[in-house]
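The residues making up each chain are set out below.
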Amino acid sequence: MDGKFPEQLEPELRPGRTIALALLVAVLATPDSARAQSDGGAVPPSWQTENRQIYPEHDSVSSKVKKKPRAKLREPSPWYVPRVSVGFGLNFPELVPFETHLAFGRYIALRLFYVPRLPFNVRVEMPSDVISSAKGVGVANPDFTIRMKAVYGPQYGAEALVFPFGGSFFVGLGLSSRTMEVHGQAKSAILVCSLVEAAKEPPCPDPTARIKTDTQLELEAALETQAILMRGAVGWYWHVGSFGYVTLAGGATKPTKIERQAKVTASVDSPGADDDLNGALAEVKKTKEAELEEKALEEMRPVDEKILPLLGLTAGIRF
């Protein structure tokens, strides 16, 4: 300053310099936001120190990656609103059941099934036997076969399924109704011989020692049985894809409350004879009807009362 005192410098200050200095001081004292507004918004907001931003459109670098919206989860139905499934399988002893499941939540389900009438053939071998013996004469029948048409079913039932772990494994208990019908007819020759010949095995074996006759015994039999079966099983109910299912089950069935009805009608066809039966022929008819009814019931009893294993594989669609 060349050794001059301040008061000596005042004369050197020009009016223009004084105005410029005042303007510089005013600009430095003005906030950034005010300067941005005064500039008409020319300064980008991202440059402002007050916003503390680096990217003008995102808060952080990670926000540059656009996140996919999460899929809305399907809300489970209340336990009392059943999920339904229908299917078809190959089972024993039901053979070909049609079934439906009503699932009440994860732990309880109800299975209903129906088996249509299924026909099959039955052959019953009747051994030779003495029908009657009176007045020194024996009447017998040779071996013959009764061919029968049988019908298995209809059968229907219900089971309660419990899923103790909330998964695919289940325990089932239930009841079912089973019906079986058998119808058949046969013809057998009638052999007449002496009591000595009739006592042999088989009866009247010697053709030369018996009376030749064209008389035949005609038989017609009808048998029907009904039973309630108690069922118990364990198995697995697997979901296949979004809509399918497969079940595998094993257990046992026990018949109870069995009802049987048998009706056998016998007639004697004797060419050239009167239709009114008398004597030995009438005795043959009466004896044979009672014998065959009893035999038919005895033959069906082991089938009706037998405890049967239960094994089934079914598949179907879930809704």
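None of these values were measured; they are calculated from a predicted model. (Residues numbered from 1 in each chain as written. Predicted model: local features only at pLDDT ≥ 70, side-chain atom pairs only at ≥ 80, totals over all residues. Heavy atoms only, no water.)

Chemist: Looking at this model, I keep getting lost on the layout of surface pockets. Mind explaining?
Modeler: The rolling of a water-molecule-sized probe over the atoms marks out the regions of remaining empty space. Estimated volume of the second largest pocket: approximately 320 Å³. As for the second largest pocket, its lining consists of 21 residues, of which Val124, Met148, Val182, Glu299 and Met300 are closest to the centre. Elements represented by at least two residues in the lining of the second largest pocket include exactly strand 4 (118–126), strand 7 (144–162), strand 8 (169–189), strand 11 (216–240) and helix 5 (279–305). When residues of the lining of the second largest pocket are assigned to their parent elements, the largest contribution, six residues, is made by helix 5. For the lining of the second largest pocket, a count of residues per class yields 17 nonpolar, no polar and four charged. (1 Å grid on protein atoms, 1.4 Å probe; cavity = no way out; pocket = protein on both sides within 12 Å on 5 of 7 lines; lining within 4 Å. Points joined across faces, edges and corners; volume = space filled by probe spheres on them. Helix = DSSP H or I, 4+ residues; strand = E, 2+ residues; numbered from the N terminus. Nonpolar A, V, L, I, M, F, W, Y, C, P; charged D, E, K, R; others polar.)

Chemist: How do you make sense of the state of the cysteines when you look at a structure like this?
Modeler: Each disulfide consists of a covalent bond between the sulfur atoms of two cysteine residues. Throughout the structure, instances matching the rule amount to one disulfide. Each sulfur in the disulfide pair Cys193 and Cys204 lies 1.8 Å from the other. In this structure the cystine formed by Cys193 and Cys204 twists about its S-S bond by roughly -55 degrees; its chirality is therefore left-handed. With Cys193 in strand 9 (residues 191–194) and Cys204 in the loop between helix 4 (195–198) and strand 10 (210–211), this pair connects stretches of sequence that are 11 residues apart. (Disulfide = S-S within 2.5 Å.)

Chemist: What should I look at first to understand empty space enclosed by the protein in this one?
Modeler: Enumeration over the complete set of coordinates arrives at one cavity of 30 Å³ or more. Taken as a whole, the largest cavity encloses approximately 140 Å³ of empty space. As for the largest cavity, its lining consists of 15 residues, of which Arg111, Glu159, Phe170, Thr247 and Ala249 are closest to the centre. Mapped by element, the contributors of at least two residues to the lining of the largest cavity are strand 2 (98–104), strand 7, strand 11, strand 12 (244–269) and strand 13 (308–318). A total of four residues in the lining of the largest cavity trace back to one element, the largest contributor, which is strand 13. Considering only residue class, the lining of the largest cavity consists of six nonpolar, five polar and four charged.

Chemist: Mind showing me how you'd approach the side chain of Glu159 here?
Modeler: Inspection of the secondary structure puts Glu159 in strand 7. By relative accessible area, which is 5% here, Glu159 ends up buried. Reaching out from Glu159, the side chain makes a polar contact with the side chain of Arg111 at a distance of 2.7 Å. At 3.4 Å, the side chain of Glu159 and the side chain of Arg231 are in polar contact. (Buried < 20%, exposed > 50% of the residue type's maximum accessible area, 1.4 Å probe, protein only. Polar contact = N/O pair within 3.5 Å; in protein donor to acceptor, adjacent residues only side chain to side chain.)

Chemist: Explain the environment of Val81 to me, please; I cannot follow it from the model alone.
Modeler: Considering the arrangement of structural elements, one finds Val81 in the loop between helix 3 (32–38) and strand 1 (83–92). Residue classification places Val81 among the partly exposed residues on the basis of a relative accessible area of 38%. Taking the C-alpha atoms as reference, Val81 lies 6.4 Å from Phe104; in sequence the two are 23 residues apart.

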